[in-house]
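Each chain, written out:
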Amino acid sequence: MFSDIHTFYSLPVCESGCAEFDPADLRPFEILVAFAVLLIVEAKHGRRDSPMKTVRRSYLTNAGTFLLNDVLMSVLSVSSLYFIADRYAAWGLLGSVASSGWAAFLSFVLLDLGLYVWHWACHRVDVLWMFHKVHHSDRCINVSTAFRSHFGEVFLTALGKALFIVAIGVEASVVLANEVIVTLFVMFHHANITLPGERRLARLIVSPGLHRVHHSVRREEHDRNYGAVFSLWDRMFGTLAESTPQKLGLDFVKELDFIQLFGFGFKRTYRPSRRSQQAMIAEAAYFRAEKRGFAPGFEILDWLEAEREVGSDG
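Remember, it's a predicted structure, so these values are computed and weren't measured experimentally.

1. Some thoughts on the overall build of the protein chain
Argument step 1. Within the protein chain one finds 15 helices and zero strands.
Argument step 2. In the protein chain, buried positions account for 46% of the 314 residues.
Argument step 3. Summarising the internal contacts of the protein chain: among those between residues at least 6 apart in sequence, 73% fall at separations of at least 24.
Argument step 4. For the protein chain, the accessible area works out to roughly 16,500 Å², and carbon and sulfur atoms hold 65% of it.

Rendered as structure tokens:
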């Protein structure tokens, strides 16, 4: 099936003198349709856990990153990958697989594993986290958060995908299909919605509730759930977390507009002011006391644990 995609989309749209249809032209249309559907679902059935001002600012800021990354970087992140695959697919690991269907399936699974490893590295390697923290700075997780990425991360991710394509040997038509499918899944698991039977769904794929944990302000939660499509990798490598985060984003980072995000992505370190840090510790201590029903005698312990917790975040 995948092997027919390029042939189908390369047919002339008219009999003479017309340009051929580039398969990459289909990607924006599919993504925009899916985005619109998820946006409508969020508006009607989404969580109501953030002020409308925060929600509107999130959408506006993320729209700016979308325009920069998808318009200015589209040549690198889609067309160039398609070109590389078209030239070098036969060189890779799957180049000798006789069945195009099996090759397409295996390439998608391996791509998802590669994205898991890359995402894990973005949380562990300082220079990668420097860019990736832009994505985590959104205080209102919604479908538009899928596009909240610094162009530095987009650039490095595209380079990583190019190496993957050559090493694995992914057909050009499969590259296009993979890009579309992964983007749709990323939008889905960022959507601010809850689904019936979501826990069962999360056994197979990354659900909105599962990925929501990844955007927690708590370091022990946002360093979990790295998967893009399948939750298998987090289960296999022990990075799965199933909980309900109390707060989202980066607790010591204010709401940022598009221009501020650009600069924020180049800051290697970021720490809260002493005053804001004390407020964070007090809030964390309150949550600990609330969990034990405000039983007396634990005030100092709650404060010390909260102080340790806040000190480890970021």
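2. Brief notes about the packing of helix H5 (residues 100-124) against helix H7 (residues 151-168)
To characterise two packed helices, one gives the angle between the axes of the helices and the distance between these axes.
Argument step 1. With their axes 11 Å apart at the nearest point, H5 and H7 run at an angle of 140° to one another. As far as their axial angle goes, H7 and H5 are oblique. Considering how the two elements wind past one another, H5 and H7 form a crossing that is right-handed. Residues Ser107, Leu110, Leu111, Leu115, Trp118 and Cys122 of H5 form the contact with H7, whose participating residues are Glu153, Leu156, Thr157, Lys161, Phe164 and Ile168.
Argument step 2. Residues belonging to the contact of H5 with H7 are distributed by class as follows: eight nonpolar, two polar and two charged.

3. Topic: the confidence of the model for the protein chain
Argument step 1. Across the protein chain, the average pLDDT comes to 79, with 80% of residues at 70 or higher.
Argument step 2. No element of the protein chain has a lower mean pLDDT than helix H1 (residues 5-9), at 33, and none a higher one than helix H12 (residues 232-237), at 96.
Argument step 3. Note that residues 1-21 has pLDDT below 50 and, in this model, 23 contacts with residues that lie over four places away or in other chains.

4. Things to note about the packing of aromatic side chains
Argument step 1. One pass over the full model with this rule turns up 10 aromatic pairs.
Argument step 2. Their ring planes at 65° and their centres at 6.4 Å tell us that phenylalanine 151 and phenylalanine 266 sit as a pair that is edge-to-face. Here phenylalanine 151, found in helix H7, pairs with phenylalanine 266, found in the loop between helix H13 (258-264) and helix H14 (274-291); they are 115 residues apart in sequence, far enough to count as distant.
Argument step 3. Ring centres of phenylalanine 262 and phenylalanine 266 lie 5.6 Å apart, and the angle between their planes is 70°; this geometry places the pair in the edge-to-face category.
Argument step 4. Taken together, the ring pairs in this structure connect Phe131, Phe151, Phe262 and Phe266 into an aromatic cluster.
Argument step 5. Across the ring face of phenylalanine 264, the terminal group of lysine 133 is positioned such that the distance to the ring centre comes to 4.7 Å.

5. Thoughts on a nonpolar patch on the surface
Argument step 1. Together, Tyr88, Trp91 and Val166 make up a nonpolar patch on the protein surface, roughly 310 Å² of accessible area in all.
Argument step 2. For tyrosine 88, the location among the structural elements is in helix H4 (residues 74-88).

6. What about the environment of tryptophan 120?
Argument step 1. Topologically, tryptophan 120 is positioned in helix H5.
Argument step 2. Its relative accessible area of 37% is what places tryptophan 120 among the partly exposed residues.

7. Concerning H7
Argument step 1. In this model, H7 (18 residues) spans 25 Å end to end at C-alpha, consistent with the 26 Å of a helix rising 1.5 Å per residue.
Argument step 2. Of all the positions in H7, only Gly152, Glu153, Val154, Thr157, Ala158, Lys161, Ala162, Phe164, Ile165 and Ile168 are classed as buried.

8. Considerations on unusual backbone geometry
Most of the time, phi is negative for any residue but glycine, and the peptide bond is trans.
Argument step 1. At asparagine 225, a position not held by glycine, the phi torsion is positive, near 55°.
Argument step 2. In this fold, asparagine 225 is placed in the loop between helix H11 (219-222) and H12.

9. Observations regarding the environment of phenylalanine 83
Argument step 1. Locating phenylalanine 83 in the fold gives a position in helix H4.
Argument step 2. Between the C-alpha atoms of phenylalanine 83 and alanine 162, which are 79 residues apart in sequence, the distance is 9.9 Å.

10. Things to note about the nonpolar core
Argument step 1. Formed by 32 residues in total, the largest nonpolar core has its most connected members in Ile165, Val170, Val175, Val182 and Met187.
Argument step 2. Elements supplying a minimum of two residues to this core: helix H2 (26-45), H4, H5, H7 and helix H8 (172-190).
Argument step 3. One finds Val134, Phe252, Val253 and Phe264 within the second-largest nonpolar core, a separate group that totals eight residues.

11. Concerning the pattern of salt bridges
Argument step 1. Counted according to the given criterion, the structure contains five salt bridges.
Argument step 2. With a shortest N-O distance of 3.8 Å, aspartate 223 and arginine 124 are connected by a salt bridge. Taken together, the residues aspartate 223 in the loop between H11 and H12 and arginine 124 in helix H5 connect sequence positions 99 residues apart.
Argument step 3. Classification of aspartate 223 as buried rests on a relative accessible area of 11%.
Argument step 4. The exposure class assigned to arginine 124 is partly exposed, which follows from its relative accessible area of 40%.
Argument step 5. Residue aspartate 223 pairs with arginine 219 through a salt bridge whose shortest N-O separation is 2.4 Å.
Argument step 6. Judged by relative accessible area, arginine 219 falls into the partly exposed class, the value being 27%.
Argument step 7. A cluster of three or more residues bridged by salt bridges with shared partners is formed by Arg124, Arg219 and Asp223.

Quick notes on the rules
The numbers attached to residues start from 1 for each chain and follow its sequence in the written order. A pLDDT threshold of at least 70 governs which residues receive local features in this predicted model, and a stricter bar of 80 or more applies before side-chain atom pairs are shown or counted, although totals over entire chains, interfaces and linings include all residues. Side-chain calculation: all heavy atoms of the structure are included, whereas hydrogens and water are not. Only DSSP runs of H or I covering at least 4 residues are called helices, and only runs of E covering at least 2 are called strands; the numbering of each starts at the N terminus. Note on exposure labels: buried denotes an accessible area under 20% of the residue type's maximum, exposed denotes more than 50%, and partly exposed covers the range between, all computed with a 1.4 Å probe on protein chains only. Any two residues having at least one pair of non-hydrogen atoms within 4.5 Å are treated as being in contact. Accessible surface area values rest on a Shrake-Rupley calculation with a 1.4 Å probe, where residue burial reflects the displayed protein chains alone. Here, axes are lines fitted to C-alpha atoms. For helices the fit covers the stretch in contact, and angles between N-to-C directions go from 0 to 180 degrees. When describing relative orientation, an angle under 35 degrees is termed roughly parallel and one over 145 degrees roughly antiparallel, while 65 to 115 degrees is termed roughly perpendicular and anything else oblique. By definition, turning the near helix anticlockwise from the far helix through less than a right angle yields a left-handed crossing, and turning it clockwise yields a right-handed one. Polarity classes work like this: nonpolar for Ala, Val, Leu, Ile, Met, Phe, Trp, Tyr, Cys and Pro, charged for Asp, Glu, Lys and Arg, and polar for all others, with Gly in that last group. The pLDDT value expresses, per residue, how confident the predictor is, ranging between 0 and 100. Think of it this way: a Phe, Tyr or Trp ring, Trp meaning its six-membered ring, pairs with another when their centres are within 6.5 Å, and the plane angle makes it stacked under 30 degrees, edge-to-face over 60, tilted otherwise. Sitting over a ring, as applied to charges here, requires NZ of Lys or CZ of Arg to be within 6 Å of the ring centre and within 35 degrees of the ring normal. Patch membership requires over 30% relative accessible area and the absence of a salt bridge. Like charges are linked within 9 Å, and nonpolar side chains (Val, Leu, Ile, Met, Phe, Trp, Tyr) within 5 Å. Salt bridges are defined as contacts in which a side-chain nitrogen from Lys or Arg sits within 4 Å of a carboxyl oxygen from Asp or Glu. In a helix, the anticipated span is given by 1.5 Å times the number of residues less one. Note on terminology: a nonpolar core comprises buried Ala, Val, Leu, Ile, Met, Phe, Trp, Tyr and Cys residues joined through side-chain atoms within 4.5 Å.

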